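For reference, the chains in residue letters:
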Amino acid sequence: MRLISQLLAFVLAFALTAQPVMAQSILRDAETEALLRDMAAPLVEASGLEPGNVDIVLINDPSINAFVAGGQAVYIHSGLIDAADTANEVQGVIAHELGHITGGHVVRFNEGASAATNISLLSLLLGVGAALAGAGDAAMGVMMAGQRAAMGKFLAFSRVQESAADAAGAEYLSEAGISGRGSLAFFGKLRNQEFRYGYSQDDDAAFTRTHPLSGDRIATLRESYTRDAAWDAPDDPVLQQRFERVKAKLFGYLKEPERTFNTYPETQTGIPARYARAYAYHKSALVDQAIAETDALLALDPDNPYFLELKGQVLLESGKPDEALPALRNATELTLNEPLIASMFGHALIATEDEANHEEAERVLRAAVARDRLNPFAWYQLGVVYAAKGDMPRARLASAEQQVMTRRYPEALRSAQAAEAGLEPGTPDWIRAQDISLQARAALERIRDER
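Below is a summary of the structure that appears in this document.

Parameters at a glance
Residues numbered from 1 in each chain as written. Predicted model: local features only at pLDDT ≥ 70, side-chain atom pairs only at ≥ 80, totals over all residues. Heavy atoms only, no water. Helix = DSSP H or I, 4+ residues; strand = E, 2+ residues; numbered from the N terminus. Buried < 20%, exposed > 50% of the residue type's maximum accessible area, 1.4 Å probe, protein only. Contact = heavy atoms within 4.5 Å. Pairing = 2+ DSSP bridges. Phe/Tyr/Trp six-rings, centres within 6.5 Å; stacked < 30°, edge-to-face > 60°. Polar contact = N/O pair within 3.5 Å; in protein donor to acceptor, adjacent residues only side chain to side chain. Salt bridge = Lys/Arg side-chain N within 4 Å of Asp/Glu carboxyl O. Axes fitted to C-alpha atoms, helices over the stretch in contact; angles between N-to-C directions. Parallel < 35°, antiparallel > 145°, perpendicular 65-115°, else oblique. Left-handed = near helix turned anticlockwise from the far one by under 90°. Nonpolar A, V, L, I, M, F, W, Y, C, P; charged D, E, K, R; others polar. Patch = residues over 30% accessible without salt bridge, like charges linked within 9 Å, V, L, I, M, F, W, Y side chains within 5 Å. Areas by Shrake-Rupley, 256 points an atom, 1.4 Å probe, with all protein chains shown as cover. Lys, Arg positive; Asp, Glu negative; His and termini not counted. Charge placed at Lys NZ, Arg CZ, Asp CG, Glu CD. Core = buried A, V, L, I, M, F, W, Y, C linked by side-chain atoms within 4.5 Å.

Topic: the overall build of the protein
Working step 1: Check the secondary structure of the protein and you find 21 helices and 4 strands.
Working step 2: Counting all 451 residues of the protein, 48% fall into the buried class.
Working step 3: When contacts within the protein are restricted to residue pairs at least 6 apart in sequence, long-range pairs at least 24 apart make up 63% of them.

Shown next, in the form of structure tokens:
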């Protein structure tokens, strides 16, 4: 049993690496998502993928990492944005991850895992044979040697994939006319981090890693990048300006206020610093100071929808929804009903507790979910509006949409069935209620089978 448990632990390690997103939270912000889309757009085109089918998703995780996990989505940790100094550095990371997508590396993950598992299973059988023959120490030796061989094979497979993604990323940067300087700079940061944490850089250590040594990657890529026509291409100044704003915004939102005030002291009066401090003041419940910072931002750019959104957010979350409405309405109109901003505006309309605002809230929220169905907050708010109007079937349908997205499958099934019973058969909403019922039931059956 002990030998078998060790094998199961080995196989489980592979299974866990294939589902890295499940335990992490996604950060959603309209300005950040727009920036990441624009940064990735020329690289997605260069890779031959369809732009509308590739998502860049921000994960709330302070570590410096990015990954793909099936489909055509690139996941970037907030810690990577914090560590990067330029938009060009992040573009280098995105190019690399697109190389994983075009190379089908997530799909081919099973190839490496299967080969490694086969070796481990063979060592298990040999070990059991030795144990039955009375050679317990030999059995354990065979088992451990087999696991080392299996892990070595899998790590080698992973390093080959990483090198292939490096080469593909360099190709996409070149095709898009984007310099590889940022890519090299970011690999340099990774190498410094390895030194800081004591990771060996010798050849023997390279065989125990999932990725090639950063020093080797830099040497290989430098030769490719410096020969490329795009090497001397200047960074996009507009993207860089937007990146600095988003980086500061995330810093203020995620870090402790005191750290934000130390990093962006009041002597700094630029947009990134004011952005960061506005969030820090808001987190500290210092409403007047937060509004002062947002007003200073709006004085510089009165029609910036993200500055308006921030002012509305501060007022709304400080218990002043009526005062938040003008800024949020303006931001929603300027962005043509950007879903995340429109969702906040709809929430503010409902929070006024004025029934006269319900019609506008319904219109705004319906527009939001039409453009972004994967927005549980908007569905929840839309359900509140329907319930206030006495339209319980659609209120339950909105609840089902929210519940199935948040994996609350039993509740989603009950809500969808209740909605279906109250809706007119054959209508789009009735069909959607049926679809959610099928989706929730299938998920519950899958969970039951796994158990």
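What follows picks up the thread again.
Notes on the pairing of strand β4 (residues 73–77)
Working step 1: Among the 5 residues in β4, 5 count as buried, and that is most of the element.
Working step 2: What you see with β4 is no split at all: A73, Y75 and H77 on one side and V74 and I76 on the other are buried throughout.
Working step 3: Pairing of strand β2 (residues 55–59) with β4, which is carried by 5 bridges, proceeds in the parallel orientation. Each bridged residue has a counterpart across the sheet, and for L58 the counterpart in β4 is I76.
Working step 4: Summarising the sheet, strand β3 (residues 66–68) and β4 pair through 3 bridges and their orientation is antiparallel. Considered in β4, the bridge of A66 is made with I76.
Working step 5: What sits between β3 and β4 in their antiparallel hairpin is a turn of 4 residues, with G70 showing a positive phi close to 95°.

A closer look at the packing of aromatic side chains
Working step 1: Evaluation of the coordinates by the stated rule reveals 6 aromatic pairs.
Working step 2: Here the aromatic rings of Y253 and Y279 are separated by 6.1 Å at their centres, their planes lie at 85°, and the arrangement is edge-to-face. Of the two residues, Y253 sits in helix α10 (residues 237–254) while Y279 sits in helix α12 (residues 271–283), which places them 26 residues apart along the sequence.
Working step 3: Among the residues examined, Y253 registers a relative accessible area of 43% and is labelled partly exposed.
Working step 4: Y279 gets classed as buried once you look at its relative accessible area, which sits at 6%.
Working step 5: For the pair F261 and Y281, a centre-to-centre distance of 4.9 Å together with 45° between the ring planes defines the contact as tilted. Here the residue F261 occupies a position in helix α11 (residues 257–263), and Y281 occupies one in helix α12, the gap between them amounting to 20 residues.

Some details on the side chain of E162
Working step 1: Mapped onto the elements of the fold, E162 is located in helix α6 (residues 136–175).
Working step 2: Looking at E162, its side chain comes within polar contact range of the side chain of H100, at 3.2 Å.

Quick notes on the side chain of D372
Working step 1: Here D372 shows up in the loop between α17 (358–371) and α18 (376–389).
Working step 2: Classification of D372 by relative accessible area gives buried; the value is 13%.
Working step 3: In terms of polar contacts, D372 uses its side chain to reach the side chain of R28, at 2.8 Å.
Working step 4: Apart from the residues within four sequence positions on either side, D372 is in contact with R28 and P339.

Brief notes about the pattern of salt bridges
Working step 1: Evaluation of the coordinates by the stated rule reveals 22 salt bridges.
Working step 2: Two residues, K249 and D29, come together in a salt bridge whose shortest N-O distance is 3.1 Å. In this pair, K249 is assigned in helix α10 and D29 in the loop between β1 (26–27) and α2 (30–47), connecting sequence segments 220 residues apart.
Working step 3: The residue D295 makes a salt bridge to K311 at a minimum N-O spacing of 2.9 Å. Here D295 is found in helix α13 (residues 287–300), whereas its partner K311 is found in helix α14 (residues 305–317), with 16 residues between them in sequence.

Observations concerning the packing of α18 against helix α19 (residues 392–405)
Relative orientation and spacing of two packed helices are given, respectively, by the angle between their axes and the distance between those axes.
Working step 1: Interhelical geometry of α18 versus α19 gives an angle of 165° and a closest axis separation of 8 Å. The orientation of α18 with respect to α19, classified from their angle, is roughly antiparallel. Every pair of crossing elements has a handedness; the one defined by α18 and α19 is left-handed. Judged by residue contacts, P376, W379, Y380, L382, G383, Y386 and A387 of α18 engage M392, R394, A395, A398, E401, Q402 and M405 from α19.
Working step 2: In the contact of α18 with α19, the residues fall into 10 nonpolar, 2 polar and 2 charged.

So, a negative patch on the surface
Working step 1: A contiguous patch of negative charge, built from D322, E323, D354 and E355, is present on the exposed surface.
Working step 2: Within the secondary structure, E323 sits in helix α15 (residues 321–334).

Here's the deal with the sheet that holds β1
Working step 1: The 4 strands are arranged β1-β2-β4-β3 in an open sheet whose pairing can be described as mixed. The outermost strands of the open sheet, each flanked by one partner alone, are β1 and β3.

So, the pairing of β2
Working step 1: Counting buried positions over the 5 residues of β2 gives 4, a clear majority of the element.
Working step 2: When β1 meets β2, the two strands line up antiparallel, connected through 2 bridges. Within the sheet, the bridge partner assigned to L27 lies in β2 and is L58.

Re the nonpolar core
Working step 1: Residues Y275 and L310 are the most contacted members of the largest nonpolar core, which totals 45 residues.
Working step 2: The dominant element in this core, judged by the number of residues it contributes, is helix α16 (residues 339–351), at 8 residues.
Working step 3: Ranked by size, the runner-up nonpolar core spans 42 residues in total, among them M39, V54, A168 and L250.

Notes on unusual backbone geometry
Working step 1: Positive phi is not limited to glycine here, since L336 has a value of about 55°.
Working step 2: Secondary-structure assignment places L336 in the loop between α15 and α16.
Working step 3: Of note in this structure, E353 is not a glycine but carries a positive phi near 60°.
Working step 4: By relative accessible area, E353 is classed as exposed at 71%.

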